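# Examining the three-dimensional arrangement
Residues per chain are reported as follows:
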Amino acid sequence: MASSNPITNTWTLTKVRVRLAMRNRTFLFFSLAMPLGFLFFFVMVFGKGSPAWIAYILGSILTLTVMGSFWGLSVQLVMFREAGILRRFRLAPVGAGPMLASSILANYILVVPSVTIEILVCKWVLHMQSWGNLWAIFLLVTIGSAAFSAFGLIVASVTNTMQETQVINQLIWTLFLFLSGASVPLAVFPLWIQRASLFMPATYLATGLEFATTNLASPAEILTDFLALTLGVLVAFEISRQLFRWEPEAKVPGRAKLWVLVAMIPFIAFGVYENVAGKRLAQIHDNFKAIDRAPSMPTKSADPR
Amino acid sequence: MAEPIIQVTGLYKSYGAVQAVRGLSFAVEEGEVFGLLGPNGAGKTSTVEILEGMRTPDGGTARVCGLDPERSGSAFKQKIGAVLQSTALPDKLKVKEAIELFANFYTNRANTDALLKRFQLEEKRDAFYNQLSGGQKQRLALAMALVNNPQVVFLDEPTAGLDPQVRREIYDIIEELKRDKKTVLITTHYIEEAERLCDRVAIVDQGRIIATGSPRELKHKSAGTTRIEVRLAKPDGNGSLATLDGVADCREFEGTYVLHSSRAPQTIVALVKHLESESNELQSLEMFSPSLEDVFIELTGRRLRD
C-alpha cells in the first residue's frame, strides 16, 4: 500500500491551521491590528513629518510583523501537545516534519496579508515616496517568516510546558525587539551594543528590510541577510524535527536545550564576519543619517500656493 | 491456519519503578472482537498503546497485521484505527473538518458524509469541537478511527465516563463493527461491555493475564454458583457467613459481603436464620447470575472497580 505523502500532509495541516488561526480573535489582533497600531504610533512619534521616515518606519513594522511568526503557530504546537491533541495526530500516518512545516507555511500565509496591508497603508495613506524594492522585501519577508517560525519551533521543542515556553519566548523576543533595530534605530545605540546585535538573527531581518524599504536595495544587495536567515531556517527546522515530541508527558532533558545554541551558529559566523570585515554597521549609520537629514513633508501652511 | 492479526508475546513495560505490563501474551484472530478486561492500572492502556505504535515495550514482541507497530511507520498506521482513552482536538475545529482532515492523511479513505450519517453527527457537522457533548465527542472519535477503513480497530475504554444512554449507543456502533467483521481490540473495566461485545476476553490484573477465553467459557469457571451480595446492620465478625449452607466462597468489600453459593435458596434461608440468632439485621440483599466479575473475584480476591 502506498504510504502517505509528506507534502500533501503538510498542505492539509497548513490549510487547517490557517483556518483555526482565522477563527482566533486574539491571533488576528496580534498579527494584524497591533502592527498597524504600531505603524501609526511610530509615524506620529518618530515620523517628523518626513516621507523618508515613513519608509524607514515601514522597515521596522514589517520586521515586527514577520518576527511575530516567532510566537504564532509554534507556540500553538506546545498548547496542542499539552492538551493531548498531538497524540491523536501521532496515530495517523503524519510525521513530525509535516507538523512543523505546516507551522512555518501557515505562519507565512498569515503574514503576507498583514505585510501587504502595511505597505499599502504606508504608500497610499501615509504618502511613502517609493515602494522600496518589492522583490527584496518579498524575499526577506518570506525567509524571515520561515526563520522566525523555525526559531519558535526550537523553543517549542526544548520547553516542557506552555509557561516555560512563554518565559523563554518573552526573553528572546525582548532582545530581538530592542536590540535589532526593529523598534529603536540601531544607530542610536553605543557601539558595543551595535556590534553585539550583529550576532542576532533579528538584526539581519531588520536591517535587510530597512535597506529594502529605504535604499531600494536590490535582492543581490541583501544577499548576506537572506543567506543568514536561510541557514537559520534549515538548522532550526532540523533541530526542532529531531527534538519534536508528541506526548504531553515526554520531557526534554536539560542537555537538549543546548541545541538552541547550534541554531545560532550561522548567526555567530555572520556576526564575526560583520564585526571583522563587514560594512553593515557603516551602512546602518549612513542610512540613518540620510533619513534624519531628509526634508520634512510639506504642510498646508508651508505651501506658498 | 492463518497467522493471528494481532500477536503479542512476553510483553513488558515499566515506568520508572512501576511495572505496568509483566510478560503479557495473547493472540487475536482476524474478525474477532477481543477484550482486555481489568481494573484501572492493570496495564491495559500501556498494552494497547504499544500495539498502536505509541509506546516502546521494554521486552517482548508485538505484531499487528504482520508488522512491528513501532518500526513500520506509515505503512502500519494506514492499516489501523484507534480511539484513545481521551481524545482531544482543537476547540475551533468543526466536526466535518476533523473527519476530512484525518481522512486526508490516508490512502484508503471512507466517505465523510457516510461517516457523519453512520455516527449520527450530520446535524453537528458544522459545530465546533468545544460545542459537542461528551457522547458526541466520543462518536466523533470513533468516526475518526474509521476514516481509513482500518483492518484493526483499537478502542481504549471507549465508554468510560459516558452516561448509560450514550454508552448503549457506542455499544451499537461496536456491534456494527463486529457485524462488518472488523478486528477490534477493546479495553474496558465494564463487565457488561466485555460480556456483550467481546468474542474473547483476557482478564488482566497487575500487568498479567490471569484468564483468557470467551465470556461464556470464563463464566463456566464460576458455573453453578450464584453471587449474593448482602449488607448487614452489624459486621459479621467471626466469618460465619462462609460456613452457611451452599456457600463456596465469601469475601467482604467495603461493608458488602459477597457470597458465591451453589445452592442460593438454601443459602438465603440459612442466612436469615443465622442473622436472627446473631441479633443482626439484613440491610440489603442482591442476587446475580455468574458474570466475569465473579471470575475476577475468584482469581484475584478483589473486585474489578477496586
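Residues numbered from 1 in each chain as written. Chains lettered and ligands numbered in written order. Predicted model: local features only at pLDDT ≥ 70, side-chain atom pairs only at ≥ 80, totals over all residues.

### Details of the overall build of chain A
Heads up, the condition is: In this description a helix means any DSSP run of H or I spanning at least four residues, a strand means any run of E spanning at least two, and both kinds are numbered starting from the N terminus. Here the globule rule reads 2.2 Å times residues to the power 0.38, and the radius of gyration is calculated from C-alpha atoms. Residues are called buried when their C-beta atom has 20 or more other C-beta atoms within 10 Å, exposed when it has 12 or fewer, and partly exposed otherwise; all C-beta atoms are positioned from the backbone. Remark: residues whose backbone-derived C-beta atoms lie within 7 Å of one another are considered to be in contact.
Looking only at helices and strands, chain A features 14 helices and zero strands. When the helices and strands of chain A are read in sequence order from the N terminus, they spell out α-α-α-α-α-α-α-α-α-α-α-α-α-α. Taking 19 Å as the expected radius of gyration for a compact globule of 305 residues, we find that chain A reaches 20 Å, a close match to that expectation. Summarising its shape, the C-alpha atoms of chain A cover approximately 75 × 45 × 35 Å along the three principal directions. When burial is assessed residue by residue, chain A has 47% of its 305 residues classed as buried. Across chain A, the fraction of contacts at a sequence separation of at least 24, relative to all contacts at a separation of at least 6, is 84%.

### A look at the overall build of chain B
Summing up its helical and strand segments, chain B has 10 helices and 13 strands in all. Taking the contacts inside chain B whose residues are at least 6 apart along the sequence as the reference set, 69% of them involve residues at least 24 apart.

### Topic: the sheet that holds strand β3 (residues 33-37) of chain B
Residues and elements named next belong to chain B. Keep this limit in mind: By definition, two strands form a pair when at least two bridges between them are found by DSSP. Throughout, an axis means a line fitted to C-alpha atoms (over the contacting stretch in the case of helices), and angles, computed between N-to-C directions, take values from 0 to 180 degrees.
Reading across from one edge, β5-β6-β7-β3-β8-β9 is the order of the six strands in this open sheet, with mixed pairing throughout. Bordering the open sheet on either side are β5 (80-83) and β9 (208-213), each of which pairs with just one other strand. Within this sheet the neighbouring strands show an average axis-to-axis angle of 15°, counted without direction. Pairing of β3 with strand β8 (residues 200-205), which is carried by four bridges, proceeds in the parallel orientation. Each residue of the ladder has a partner; that of leucine 37, found in β8, is isoleucine 203. Most of the contacts of helix α5 (residues 134-145) go to β5, to which it runs at about 170°, and overall it touches β5 and β6 (152-156). On the sheet, helix α10 (residues 292-300) packs against β3, β8 and β9 and is oriented at approximately 35° with respect to β8.

### Looking at the interface of chain A and chain B
Selection rule: Residues are sorted three ways: Asp, Glu, Lys and Arg are charged, Ala, Val, Leu, Ile, Met, Phe, Trp, Tyr, Cys and Pro are nonpolar, and all the rest, Gly among them, are polar.
Across the boundary between the two partners, chain A contributes 20 residues, which contact 22 residues of chain B. Where the side of chain A that touches chain B is concerned, the elements lending two or more residues are α1 (6-22) and α5 (85-91) of chain A. With five residues, α5 of chain A is the largest single contributor of residues to the side of chain A that touches chain B. Broken down by class, the residue content of the side of chain A that touches chain B amounts to 10 nonpolar, six polar and four charged.

### Here we look at the domain arrangement of chain B
Worth spelling out the cut-off: Domain start and stop positions are those given by an automatic or database domain assignment.
As far as domains go, chain B holds domain 1 (6-219) and domain 2 (224-289). Each of domain 1 of chain B and domain 2 of chain B has a C-alpha centre, and these two points are 39 Å apart.

### Thoughts on the confidence of the model for chain B
Stated formally: pLDDT gives the predictor's per-residue confidence on a scale running from 0 to 100.
Within chain B, residue pLDDT values average 91, and 98% of them lie at 70 or more. The least confident element of chain B is α10 of chain B, whose mean pLDDT is 80; the most confident is helix α3 (residues 95-103) of chain B, at 97.

### A look at helix α9 (residues 264-277) of chain B
Residue and element names in this part refer to chain B. To be explicit about the condition: Here the expected span of a helix is defined as 1.5 Å times the quantity of residues minus one. This arc is taken over the directions from the axis of the helix to the C-beta atoms.
Taking 1.5 Å of rise per residue, the 14 residues of α9 would be expected to cover 20 Å, and the 20 Å separating its terminal C-alpha atoms lies within 8% of that figure. Taken residue by residue, α9 has Thr267, Ile268 and Leu271 as its buried positions. What you see down the axis of α9 is that its buried residues fit within an arc of 100°, all on one side. Exposed side of α9, more than 90 degrees from the buried face: Pro265, Lys273, Glu276 and Ser277 are the residues found there. Among the residues trailing α9, serine 279 stands out with phi positive, at a value near 55°.

### Overview of the sheet that holds strand β13 (residues 282-288) of chain B
All names here are of chain B. Judged by pairing direction, the sheet is antiparallel, and its four strands sit side by side in the order β11-β12-β10-β13 without closing on themselves. Each of the sheet's edge strands pairs with one partner strand only, and the pair in question is β11 (247-253) and β13. Between one strand axis and the next, the sheet turns by 20° as a mean value, whatever way the strands run. Two strands pair when backbone bridges link them, and β11 and strand β12 (residues 256-261) are joined in this way by six bridges, in the antiparallel orientation. Its bridge partner being in β12, aspartate 249 is matched across the sheet by histidine 260.

### Some thoughts on the packing of helix α4 (residues 72-83) of chain A against helix α6 (residues 96-125) of chain A
Residues and elements named next belong to chain A. Condition: Convention used here: angles under 35 degrees read as roughly parallel, angles over 145 as roughly antiparallel, angles from 65 to 115 as roughly perpendicular, and any remaining angle as oblique. Handedness of each helix crossing follows the sense of rotation of the near helix against the far helix: counterclockwise by less than a right angle gives left-handed, clockwise gives right-handed.
Running from amino to carboxyl end, α4 crosses α6 at an angle of 140°, the nearest separation of the two axes being 8 Å. Classified by the angle between their axes, α4 and α6 sit oblique to one another. Read as a crossing pair, α4 and α6 show a hand that is right-handed. Seen from α4, the contacting residues are Gly72, Leu73, Ser74 and Leu77; seen from α6, they are Ser103, Ala106 and Asn107. Considering only residue class, the contact of α4 with α6 consists of three nonpolar, four polar and no charged.

### Some remarks on the packing of α5 of chain B against helix α6 (residues 164-179) of chain B
Packed helices, taken two at a time, are described by their axes: the angle between them and the distance between them. Residues and elements named next belong to chain B. In the contact formed by α5 and α6, the axes pass within 10 Å of each other and the chain directions differ by 15°. The angle between α5 and α6 places the two elements in the roughly parallel class. Here the hand of the crossing between α5 and α6 comes out right-handed. Every residue of α6 that contacts α5 at Gly134, Gly135, Gln138 and Leu142 is listed here: Val166, Glu169, Ile170 and Ile173.

### Some remarks on the nonpolar core
Using the following cut-off: One nonpolar core equals one set of buried Ala, Val, Leu, Ile, Met, Phe, Trp, Tyr and Cys residues connected by C-beta atoms within 7 Å.
By size, the foremost hydrophobic cluster in this structure holds 162 residues, and its most contacted members are Leu140, Ala150 and Ala236 of chain A together with Ile99 and Leu185 of chain B. In terms of residues, this core owes the most to one element, helix α7 (residues 134-158) of chain A, which gives 16 residues. Taken domain by domain, this core gets at least three of its residues from each of domain 1 (6-219) and domain 2 (224-289) of chain B. The residues contacting leucine 140 of chain A, other than those within four sequence positions of it, are Leu205, Gly208, Leu209, Ala212, Ile222, Asp225 and Phe226 of chain A.

### Focus on the environment of valine 66 of chain A
Assignment of secondary structure puts valine 66 of chain A in helix α3 (residues 51-67). Taking C-alpha positions, valine 66 of chain A is 8.9 Å from valine 112 of chain A, a pair spaced 46 residues apart along the chain.

### What to know about the confidence of the model for chain A
Across chain A, the average pLDDT comes to 85, with 94% of residues at or above 70. Contacts from residues 297-305 of chain A, a stretch scored under 50 in pLDDT, to residues over four places away or in other chains number six contacts.

### Topic: α5 of chain B
All names here are of chain B. The end-to-end C-alpha distance of α5 is 17 Å, a good match for the 16 Å that 12 residues give at a rise of 1.5 Å each. All of the buried residues along α5 are Gln138, Arg139, Leu140, Ala141, Leu142, Ala143, Met144 and Ala145. Tucked inside the fold, the buried residues of α5 contact β5, α3, α4 (112-118), β6 and α6.

### Let's talk about unusual backbone geometry
All names here are of chain B. If you check the backbone angles, glutamate 157 has positive phi at about 45° while not being a glycine. If you trace the backbone, glutamate 157 turns up in the loop between β6 and α6. Unusually for a residue other than glycine, serine 279 sits at a positive phi of about 55°. Here serine 279 is to be found in the loop between α9 and β13. Under the C-beta neighbour-count criterion, serine 279 is labelled exposed, with 8 such atoms within 10 Å.

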